[in-house]
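As a plain string of letters, each chain reads:
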Amino acid sequence: MEKKLLLSFPPEATFQSFAYELVKDYDLRINILKAEIEIGKGGKLLMAIEAPEENIERGIEYMKSHGIQVSSLANKVFYDNSRCVNCGSCASSCPSGALSITAPDWKLKFDAEKCIVCKLCLKSCPMKLFSIEFTE
Ligand code: SF4
Ligand code: SF4
């Protein structure tokens, strides 16, 4: 499974290389998406982790035991409907039916509840109107 985590580091936790420990001791594949940390001052780090759920949970416990606050983030898909030309390309690539174009108006409709965040619409829209945002 993949999880996105927002980590908040207290000053004392900034001196240690947690990423190295997570990879070596917990067998996690990590991708640091954004980091704003100052050594000795603290900060935040946005990280994507890929591993079996059990390993991720153990890694999270490890970070918490060092005073790091860990929040899970959910992905959400957004699109800029003000620029949509209703070409239908995204709807035809959407596997869950979250995007659809139907009669009588033939305008794109987005049902966020059905979205499984497969990200196929990000590639299929010629106008590049889709983006992923992270929410706690
Ligand atoms: S991310 Fe996937 S499921 Fe969600 S709207 Fe885009 S294509 Fe459809
Ligand atoms: S592919 Fe882009 S422009 Fe075409 S209908 Fe979907 S959001 Fe609109």
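Residues numbered from 1 in each chain as written. Chains lettered and ligands numbered in written order. Predicted model: local features only at pLDDT ≥ 70, side-chain atom pairs only at ≥ 80, totals over all residues. Heavy atoms only, no water.

Trainee: I'm lost on the site of ligand 1 in this one. Help?
Mentor: Lining the immediate environment of ligand 1, one finds 13 residues, of which Cys94, Cys115, Cys118, Lys119 and Cys121 sit closest. Taken together, the residues of the shell around ligand 1 break down into 11 nonpolar, one polar and one charged. (Near = heavy atom within 4 Å. Nonpolar A, V, L, I, M, F, W, Y, C, P; charged D, E, K, R; others polar.)

Trainee: Explain the site of ligand 2 here, please?
Mentor: Cys84, Val85, Asn86, Cys87, Gly88, Ser89, Cys90, Leu108, Cys125, Pro126, Met127 and Phe130 make up every residue found near ligand 2. Counted by class, the shell around ligand 2 contains nine nonpolar, three polar and no charged residues.

Trainee: Honestly, the nonpolar core in this entry has me stumped. Any pointers?
Mentor: One broad trend across soluble globular proteins is that nonpolar side chains are buried collectively. Of all hydrophobic cores here, the largest spans 18 residues; its most connected members are Leu7, Met63 and Ile68. Elements that contribute at least two residues to this core include exactly strand E1 (2-9), helix H1 (18-26), strand E3 (42-50) and helix H2 (53-64). Once you skip the residues sitting within four places of it in the chain, Met63 turns out to touch Leu5, Leu7, Leu22, Ile68 and Val70. Core analysis: the second largest hydrophobic core is formed by 12 residues, Tyr79, Cys90, Ala91 and Ala98 among them. (Core = buried A, V, L, I, M, F, W, Y, C linked by side-chain atoms within 4.5 Å. Buried < 20%, exposed > 50% of the residue type's maximum accessible area, 1.4 Å probe, protein only. Helix = DSSP H or I, 4+ residues; strand = E, 2+ residues; numbered from the N terminus. Contact = heavy atoms within 4.5 Å.)

Trainee: Before we go on, may I ask you to explain H2 in this structure?
Mentor: Each turn of an α-helix holds 3.6 residues, which means side chains three or four residues apart point in the same direction. In a regular helix each residue adds 1.5 Å, so 12 residues correspond to 16 Å; H2 covers 16 Å between its end C-alpha atoms and thus fits that length. Residues Asn55, Ile56, Gly59, Ile60, Tyr62 and Met63 constitute the buried set of H2. Considered in projection along H2, the buried side chains sweep an arc of 160° and stay on one side of the axis. Looking at the buried side of H2, the elements it contacts are E1, H1, E3 and strand E4 (69-79). (Expected span 1.5 Å × (residues − 1). Arc of directions from axis to C-beta.)

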